[in-house]
Amino acid sequence: MSQGKVLVLHGPNLNLLGTRQPEIYGRETLDDVNNALHQRALLAGWDIHCFQSNHEGALIDAIHAARLDGTLAIIINPAAYTHTSVAILDALNAFEGKVYEVHLSNVHRREAFRHHSYVSLRADGVIAGLGTQGYQAALEAVFAAAPP
Ligand code: DQA
């Protein structure tokens, strides 16, 4: 029996991971990241669904679906929408499970406009600057927070 269900959301431009500014975001692809998360989830007996979109509404629709399908936690890298999207914040506020915000880069060491996150107002935890390991750390937090 599944221990629970976790949704991983990747925002705009993260489909280019591995080739997009690798000096900032690294050389691993999004498939690499998702495969590693799937492996870890399988080991822990969890269901995992990973989804990337360049469209704000598609990310919001995925959050709405998670409210109804038994998803216990959302791990989200909202990418640039982190800094702009009240709509994603509102959608996450309507989700009752845990929310972990992940950024590959340390956004606080970068341009000032990256220092503010709407999503952080909702997130139970925020991980920034650990590269792709940040997703794994968030997944461990999901397992640890889940009811036995
Ligand atoms: C990012 C940081 C954001 O500021 C940026 O817009 C991204 C990726 C990160 O993972 O470091 O696209 O969320």
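To keep things clear, this report deals only with the structure shown in the data block. Just so it is clear, the model here is predicted, and its values are computed rather than measured.

Describing the packing of aromatic side chains
Now for step 1: A full pass over the atoms with the stated rule returns one aromatic pair.
Now for step 2: Relative to Phe-143, the ring of Trp-46 lies with its centre 5.4 Å away and its plane at 45 degrees, an arrangement referred to as tilted. Placement of Trp-46 in the loop between helix 2 (30-44) and strand 2 (47-52) and of Phe-143 in helix 5 (residues 133-145) is noted, with a sequence separation of 97 residues between them.
Now for step 3: Using a relative accessible area of 8% as the deciding quantity, one classes Trp-46 as buried.
Now for step 4: The exposure class assigned to Phe-143 is buried, which follows from its relative accessible area of 15%.

A few points about the sheet that holds strand 2
Now for step 1: The strand order 2-1-3-4-5 describes an open sheet built from five strands, whose pairing is parallel. Looking at strand neighbours, the two that pair on one side only are strand 2 and strand 5 (125-128), the edges of this open sheet. Recorded for the sheet is a direction-independent mean angle of 15 degrees between the axes of neighbouring strands.
Now for step 2: Across six bridges, the pairing between strand 1 (residues 5-10) and strand 2 is parallel. Along strand 2, the bridge assignment pairs Lys-5 with Asp-47.
Now for step 3: Across the face of the sheet, helix 2 comes into contact with strand 1 and strand 2 while running at roughly 165 degrees to strand 2.
Now for step 4: Here helix 3 (residues 56-68) sits on the sheet in contact with strand 1, strand 2 and strand 3 (71-77), set at roughly 170 degrees to strand 1.

The rules behind each value
- Residues numbered from 1 in each chain as written.
- Predicted model: local features only at pLDDT ≥ 70, side-chain atom pairs only at ≥ 80, totals over all residues.
- Heavy atoms only, no water.
- Phe/Tyr/Trp six-rings, centres within 6.5 Å; stacked < 30°, edge-to-face > 60°.
- Helix = DSSP H or I, 4+ residues; strand = E, 2+ residues; numbered from the N terminus.
- Buried < 20%, exposed > 50% of the residue type's maximum accessible area, 1.4 Å probe, protein only.
- Pairing = 2+ DSSP bridges.
- Axes fitted to C-alpha atoms, helices over the stretch in contact; angles between N-to-C directions.
- Contact = heavy atoms within 4.5 Å.

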